[in-house]
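So you can see what is in the structure, the chains are spelled out below.
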Amino acid sequence: MNFNFLKIVFFFLLLSNILFAQFSGFKIMVNPGHGGHDSDDRFIPATGFWESEGNLTKGLYLRDLLEARGAEVIMSRTQNRTEDDLPLSQISGIANSNNVDYFQSIHSNGFQGTANRTSVFWEQKENGQPDFPDAKRASEILADKIFEVNFTTSTATHGDLQYLGFNLGVLRSLNMPGCLTEGSFHDYIPESYRLLNLDYRKHEAVAILRGMLEYFDLPALEHGAIAGITKDKSKTVSYNFSGGKTNDKYKPINNIFASLYQDETFLKSYKGDFNNNGYFVFDSLAPGSYTVIVDDGSYAADTLLINVTANKTSFKEVFLISDSEKEPLVYSTTPENSDSGLNTYSALYITFSRPMNTDSTEEAFSILPIVKGVAEEVEGTFSWQESNQVLVFSPSAAFNPQTDYQVTVSTKAQSSSNINMIEPYQFSFSTADQHNYPKVTKTLPVQGDSITIFENFEVFFSQEMIREKVEQALLIEPLVEGSLSWTNNKHFIFTPDSLSINTVYTITLQDSIALNEFSVGLENDYVFSFKTYNRSSLNILEWFPQQGDTSISTRTNFFFHFDGNLDVGTVVANLSLKDEDQNNLELDSYKLGERNGTSVLSFIAKEELGRKRKFTLTILPGIKDVDGLVLEDSLSFNFTTQIAKYKSGLVFDDFEEDSGWKDPEFGPATQNVDLSKSAYYISFSEQINGFKSALLKYQFSGDSAGICQVFREEAFDLTFADSSFFGLWVYGDFSFNTLELWYDVDGQQYRILELDTLDFSGWKLVKFPVSQFDGSEISLHSIVVKQQPGAYTQGTIYIDDLQYDVVTALQKTDNPIILTKFNLQQNYPNPFNPNTTISYTVRANSNSPQQVKLVVYDLLGRRVKTLIDKPQQAGKYKVAFDASGLASGVYYYRIKIGPSTGSGTNSSGSGSGFEQVRKMLLLR
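Thresholds applied
- Residues numbered from 1 in each chain as written.
- Predicted model: local features only at pLDDT ≥ 70, side-chain atom pairs only at ≥ 80, totals over all residues.
- Heavy atoms only, no water.
- pLDDT = per-residue confidence, 0-100.
- Contact = heavy atoms within 4.5 Å.
- Buried < 20%, exposed > 50% of the residue type's maximum accessible area, 1.4 Å probe, protein only.
- Helix = DSSP H or I, 4+ residues; strand = E, 2+ residues; numbered from the N terminus.
- Arc of directions from axis to C-beta.
- Axes fitted to C-alpha atoms, helices over the stretch in contact; angles between N-to-C directions.
- Parallel < 35°, antiparallel > 145°, perpendicular 65-115°, else oblique.
- Left-handed = near helix turned anticlockwise from the far one by under 90°.
- Nonpolar A, V, L, I, M, F, W, Y, C, P; charged D, E, K, R; others polar.
- Expected span 1.5 Å × (residues − 1).
- Salt bridge = Lys/Arg side-chain N within 4 Å of Asp/Glu carboxyl O.
- Phe/Tyr/Trp six-rings, centres within 6.5 Å; stacked < 30°, edge-to-face > 60°.
- Patch = residues over 30% accessible without salt bridge, like charges linked within 9 Å, V, L, I, M, F, W, Y side chains within 5 Å.
- Areas by Shrake-Rupley, 256 points an atom, 1.4 Å probe, with all protein chains shown as cover.
- Core = buried A, V, L, I, M, F, W, Y, C linked by side-chain atoms within 4.5 Å.
- Polar contact = N/O pair within 3.5 Å; in protein donor to acceptor, adjacent residues only side chain to side chain.

*Asks:* Explain the confidence of the model for the protein chain to me, please; I cannot follow it from the model alone.
*Replies:* Atomic detail in the predicted coordinates should be set aside for any region of low pLDDT. With 93% of its residues at a pLDDT of 70 or more, the protein chain shows a mean pLDDT of 88. In the model, residues 1-19 has pLDDT below 50 throughout and makes five contacts with residues more than four positions away in sequence or in other chains. In the predicted structure, residues 809-819 sits below a pLDDT of 50 and forms 24 contacts with residues beyond four places in sequence or in another chain.

*Asks:* How should I be thinking about helix α3 (residues 88-97) in this particular structure?
*Replies:* Residues spaced three or four apart along an α-helix face the same direction, because each turn holds 3.6 residues. I91, S92 and A95 are the residues of α3 that are buried. Axial view of α3: buried residues confined to an arc of 90°, hence all on one face. What points out from α3, more than 90 degrees from its buried face, is the exposed set S89 and S97. In this structure, the buried residues of α3 make contact with β1 (27-32), β5 (102-109) and α6 (169-172). Where α3 ends, the next residue or the one after it, N99, has phi of about 50°, a positive value.

*Asks:* Help me understand the packing of helix α4 (residues 133-149) against helix α8 (residues 198-215) in this model?
*Replies:* Relative placement of two packed helices is described by the angle separating their axes and the distance separating the axes. At a minimum axis distance of 8 Å, the contact between α4 and α8 shows a crossing angle of 140°. As the angle between them shows, α4 and α8 are arranged oblique. Both α4 and α8 take part in a crossing whose hand is right-handed. Two secondary-structure elements touch here, α4 through D134, R137, A138, I141, L142, K145, I146, E148 and V149 and α8 through Y200, H203, E204, A207, I208, R210, G211, E214 and Y215. Here the residues of the contact of α4 with α8 are counted per class, giving nine nonpolar, two polar and seven charged.

*Asks:* So what exactly am I meant to see when it comes to the packing of helix α2 (residues 51-67) against α8 here?
*Replies:* Contact geometry for α2 and α8: axes closest at 8 Å, N-to-C directions at 50°. With respect to α8, the axis of α2 lies oblique. Considering only the axes of α2 and α8, their crossing is right-handed. Packed against α2, whose contacting residues are E53, G54, T57, K58, Y61, L62, L65 and L66, the element α8 presents L198, R201, K202, E204, A205, V206, I208, L209 and M212 at the interface. Along the lines of polarity and charge, the residues of the contact of α2 with α8 split into 10 nonpolar, two polar and five charged.

*Asks:* Hey, could you run me through α2 in this one?
*Replies:* Over its 17 residues, α2 extends 24 Å from the first C-alpha to the last, a length consistent with the 24 Å expected when each residue adds 1.5 Å. Listed as buried for α2 are E51, S52, G54, N55, L56, T57, K58, G59, L62, L65 and L66. Considering only its buried residues, α2 is in contact with β1, β3 (49-50), β4 (72-75), β5, α7 (189-195) and α8.

*Asks:* Would you mind going over the pattern of salt bridges with me for this structure?
*Replies:* Side chains bearing opposite charge may pair, as long as their charged atoms lie close to each other. Inspection of every chain in the model, using the stated rule, returns 28 salt bridges. A salt bridge links E204 to K58; the shortest N-O distance between them is 3.1 Å. Here E204 is found in helix α8, whereas its partner K58 is found in helix α2, with 146 residues between them in sequence. Across the pair, exposure class does not vary: E204 and K58 are buried alike. Note that K606 and E586 form a salt bridge whose closest N and O atoms lie 3.5 Å from each other. Note that K606 is positioned in the loop between β40 (598-605) and β41 (614-619) and E586 in the loop between β38 (584-585) and β39 (587-595), a separation of 20 residues in sequence. Exposure remark for E586: the relative accessible area of 52% places this residue in the exposed category. Three or more residues joined by partner-sharing salt bridges are found here, namely E191, R194, K231 and D248.

*Asks:* Before we go on, may I ask you to explain the side chain of S683 in this structure?
*Replies:* Residue position: S683 is located in strand β45 (residues 679-683). Beyond its immediate chain neighbours, meaning those up to four positions away, S683 contacts F691, K692, S693, L695 and Y798.

*Asks:* I'm lost on the packing of aromatic side chains in this one. Help?
*Replies:* Any aromatic ring pair is given by two values, namely how distant the centres are and how the planes are angled relative to each other. Overall, the coordinates contain 56 aromatic pairs when judged by the stated rule. With 6.3 Å between their ring centres and 85° between their planes, Y102 and F216 make a pair best called edge-to-face. Placement of Y102 in strand β5 and of F216 in the loop between α8 and β9 (224-236) is noted, with a sequence separation of 114 residues between them. Pairing F652 with Y804 gives two aromatic rings, centres 6.0 Å apart and planes at 40°, and the pair type is tilted. With F652 in strand β44 (residues 650-653) and Y804 in strand β53 (residues 794-804), this residue pair connects regions lying 152 residues apart in the sequence.

*Asks:* Even after reading the chapter, I still don't get a nonpolar patch on the surface, so can you show me in this structure?
*Replies:* Together, Y163, L164 and F166 make up an exposed nonpolar region whose accessible area comes to about 280 Å². Looking at where L164 falls in the secondary structure, it is placed in helix α5 (residues 160-164).

*Asks:* I'm lost on the nonpolar core in this one. Help?
*Replies:* As a rule of thumb, nonpolar side chains are buried together in soluble globular proteins. In this structure, F560, L577, L718, F726, F773 and L780 are the most contacted members of the largest nonpolar core, which totals 70 residues. With sequence-adjacent residues up to four places away left out, L780 is seen in contact with F652, A715, F716, L718, F726, L741, W742, Y743 and L802.

*Asks:* What exactly am I supposed to notice about the environment of K786 here?
*Replies:* Structurally, the position occupied by K786 is in strand β52 (residues 777-786). What makes K786 partly exposed here is its relative accessible area of 24%. Placed 689 residues apart in sequence, K786 and S97 show a C-alpha to C-alpha distance of 56 Å. Discounting chain neighbours no more than four positions away, the residues touching K786 are F700, G706, N737, T738, E740 and I752. A polar contact is formed between the side chain of K786 and the side chain of E740, at a distance of 3.4 Å.

This is the structure we're talking about:
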């Protein structure tokens, strides 16, 4: 073997490796400006050009060129979406955080459609000098390189501050040299059409690469390029051309066909587009002499002799002369000749050199598969594009898989001027091994999802489907009647007449029946299932105040526990609070919490409510949960505020500062409490007086017998007069646990005084005669929340102004010892399974017992169980209900209190008797 030949081969291999690593060790950021067809993305309606798309094409191609030569490239965007259109400061921040060596922003410009030049900007300081001298040097290099490949009139480089009056945001914060290039003016219509050609955009990226090589003093490209614009001097354009090259007034030639030769050897061809630009390009050419033959079906061919120089583009304007007698040719086909793996139902495209006579060309067309030596012509439909220069054949049914086909266009095919093709044109292709089966791309709901009984379901396909075939293929189990509609042939919506709650539905699309437009079915049955919720609407499980409540604090916190997770956007507009004069009161401090996995909504009136006033709180049906379930009806709750006005007595702990109360973990009697989620501290969140109050957050670790004790080692030693009242302000959490005070008397520890059930929300003055203490001298040492069966396992309360000698304006009508009203509370828990507790109050009536009857009914009004039927003294009562053996569903419980005969009853609790009904939900 020739040793010198080996040396030459080795030299070129070494050189190629050096060139491949030209940018090794360099880090460059590329910013294709704008993005996502947003308001700042300029669009040219006359041509259909978007600046964001043009910039992205240039940027991605530049990235590929740089990475192929060893550079590390950071892109500000790689897609054309709204979310990719980053703030300018964020783009420069990305460059700074990556410590790149150079920053390149790619744009095009626009100015009233009358100019077309190449401009490059660099960041300028107030003294007129560049912030980075290298950026100005790079701009001068880039301007020349881009001008060489774009069909613009001139070049300009600018310092941004002097030219624009401000610093460009994308350059302003850079820590390295950077330039913003505007390769041409996209609103100049001839240039806008050129920018529709992807190769024209890519050639600008090549020019930027050449500029970067020179900027970094790296070896130049060893190859060059040939580019050109073809036009018809006998025709002028109808749009503005005044701002570009003089010859922009002549009409570009579409569908140009250029062939490249060297030493009479054919190298490659270029087929132009139909975007009114006449552009062609051959790149990556070794230096030397080439022949380019530019042809078009309606024009005489022109031959160009062109010398190619390394690292440069030879740009030519070519003017062709019309030749109406020229015979038509086939310029290109899709698929190309001998292509394999074609989608079995692809359309075929044949591009002719000139407009064709459609009837004769369709007659001249044939396509034959060869199956076991038997020719069987394929049937299909024809359509035409680009002024009858592109024939589209769509098969009526899918091509056979793994089959060779031959397409022929005979000499019967004529041009629009009735000139026949001189010789037939043939090409062949083979199809893929199997069909590209249509697929279900998405369903709503998705597999395993849960929906309301009012929702539709939808199916999306990857391909156009035959509607009636899909409808025949659809199975729904359990059977559901309904209507099916299509938005297009790839998407249908099924609207059921009715669905059942808490039911699993399975949807099947049978593979051999659900066919696409080419009669190809799904590869396999498509099956998905979903479940309906165990409820059909949004419901309120518990609330405070309740209907008809009286003596409600003027600083109450409205509390509603729902059986779903609320859509917060629907809350505020669907709540109203009115006083007895029908004045609307403003609500405030909305809070959304969670209990047992569903939402708790609380809020307050912005101004303190008036005393001894009636109010109506209304929740409208517009409120809904995140599953789309809505409140079916408006719900109104009437309540009356407290009569008495309280004045503070002797406050011995205002909870403004830490006074020695300890966390629950230090309470000697604390038990069954999750100490990691329980705490006591002084808080700014709520207060009655001053700025702070005590906050107690608790979570019990079991179902019952929990004690959360806040203990004070130095007890308060208190002495009372028998007639005085003791009190404290409590911000209830509607947990139904009990609040207690623990104290010692004469050395006897842990006497317990049950203050109240936490069946309220918001501030309430809890007060009682000191005679309820065992003794007039006590040592108060503990505040305790005791867990009750069926109550919530967690909550948060506030305590303020621990005091005695409480003063009330109307003590005779506000004695807390005397029960002044009947009451039936919402069962707890609700929903339940299978046990729940029902609480009620029997008011005082001359100390005589009253007949109480509490009965549970089903949805049809049939009695399920009588829980109470006997006389009872005034007091608060609780009764358990065990629903074992009953089916899931809605049940009602009704209480009647009062004399058996001769006395009226009402639901307000203000007459001589009382009757009320509530609803509860059993869920298995």
